[in-house]
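A structural walkthrough
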Amino acid sequence: MTLPLSVSQIEFKKILLIRFARLGDVILLVPSIRALRSRYPNAIIEVLVDHRYAGILEMCSAVDRVIPVNRLAMRDGGKMRAVGNMFHLAQELRATAYDLVLDFHSFRETHLLAWYTGARWRLGLKRVHSSYWPFCFNLGPVLEDDDLHVSAVFLSILGFLGIVPVSNGHLLDLNSELRQEADSFLRGYQIEAGALRIGFNLGAGSQSRTWPPEKFAELAEKITQRHKAVVIAFSGPNEELLSNEFCRRVRATRVIPASNLALPQLAALFNRCDVL
């Protein structure tokens, strides 16, 4: 297939983004989604994501449709069932007739999904520590830079299309009820007016990626020695011990534990942090 002289000049009408996990990475994908929406205001933008994190993207008005996938059920339901479910998903994506697919996850399974969609243009990330199947794409690849923040890596994929980041002051669209709920939560801890609110996300989804609680505690102490601040300690399921250990180690700092919040409440409280 002959590539256009300038991909940035193509007006894509139907776009699919692929990013299954993890929660933090899905949140960090939102700036890229909003940049896509700014560049293609009339396009249909859909995102394929792990069902556990679909609620986050449902709060992003730049997304027209969230396609949740229960990858755990596929993995644990037996090989034949997994193959059947994956084939059904692939058929659904192919029937949608996308003209652009962006693979932000870039594992072999997502490579194949991108290829099977039959989209005219397909672009993926070539990760440092993962295999890359070039036959699945006809644009790029975009090389992953380990020195960049995850959100910057995602935006580098859009840079290939000539798209620049946008700054509109918010990421997710929170209704007034969620905002009031977050404010009520904070008032319950009698946070002083003007106090800097710093959010620490203590978990990382796996033990190997988790920063030790004593390091978080040391950082919290240093920050609050310089600033009038309160620390909001976020933790998820099965991370109670991590949260308890962090809170135990932080003595001279005001800490508010925020554990096992539902995704909408988590997003609302994130939104109330000055630094996250």
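Now for a quick tour of the structure. (Residues numbered from 1 in each chain as written. Predicted model: local features only at pLDDT ≥ 70, side-chain atom pairs only at ≥ 80, totals over all residues. Heavy atoms only, no water.)

**Observations regarding the sheet that holds strand 7 (residues 196-201)**
The pairing of strands in a sheet happens through backbone hydrogen bonds and is either parallel or antiparallel. The sheet built from 3 strands is open, its strands ordered 7-8-9 with parallel pairing. Of all the strands in the sheet, just strand 7 and strand 9 (255-259) have a single pairing partner and so form its edges. Between one strand axis and the next, the sheet turns through 25° on average, direction left out of account. (Pairing = 2+ DSSP bridges. Helix = DSSP H or I, 4+ residues; strand = E, 2+ residues; numbered from the N terminus. Axes fitted to C-alpha atoms, helices over the stretch in contact; angles between N-to-C directions.)

**Digging into the pairing of strand 5 (residues 121-126)**
Of all 6 residues in strand 5, 5 are buried; the element is thus mostly enclosed. Relative to strand 5, strand 4 (residues 100-103) runs parallel, the two sharing 4 bridges. Across the sheet, residue Asp103 finds its bridge partner in strand 5, namely Gly124. The β-α-β motif built from strand 4, the intervening helix 5 (residues 108-116) and the parallel element strand 5 has right-handed crossover chirality. In terms of strand pairing, strand 5 meets strand 6 (residues 139-143) through 3 bridges, oriented parallel. (Buried < 20%, exposed > 50% of the residue type's maximum accessible area, 1.4 Å probe, protein only. Right-handed = clockwise from strand over helix to strand, strands pointing away.)

**Considering the packing of helix 7 (residues 176-187) against helix 10 (residues 263-271)**
Packing of helix 7 against helix 10 leaves a shortest axis separation of 9 Å and a crossing angle of 70°. Of the possible angle classes, the one that applies to helix 7 and helix 10 is roughly perpendicular. For the element pair helix 7 and helix 10, the recorded crossing hand is right-handed. For the pair formed by helix 7 and helix 10, the contact residues are Leu178, Arg179, Glu181, Ala182, Phe185 and Leu186 on the first element and Pro264, Gln265, Ala268, Leu269 and Asn271 on the second. (Parallel < 35°, antiparallel > 145°, perpendicular 65-115°, else oblique. Left-handed = near helix turned anticlockwise from the far one by under 90°. Contact = heavy atoms within 4.5 Å.)

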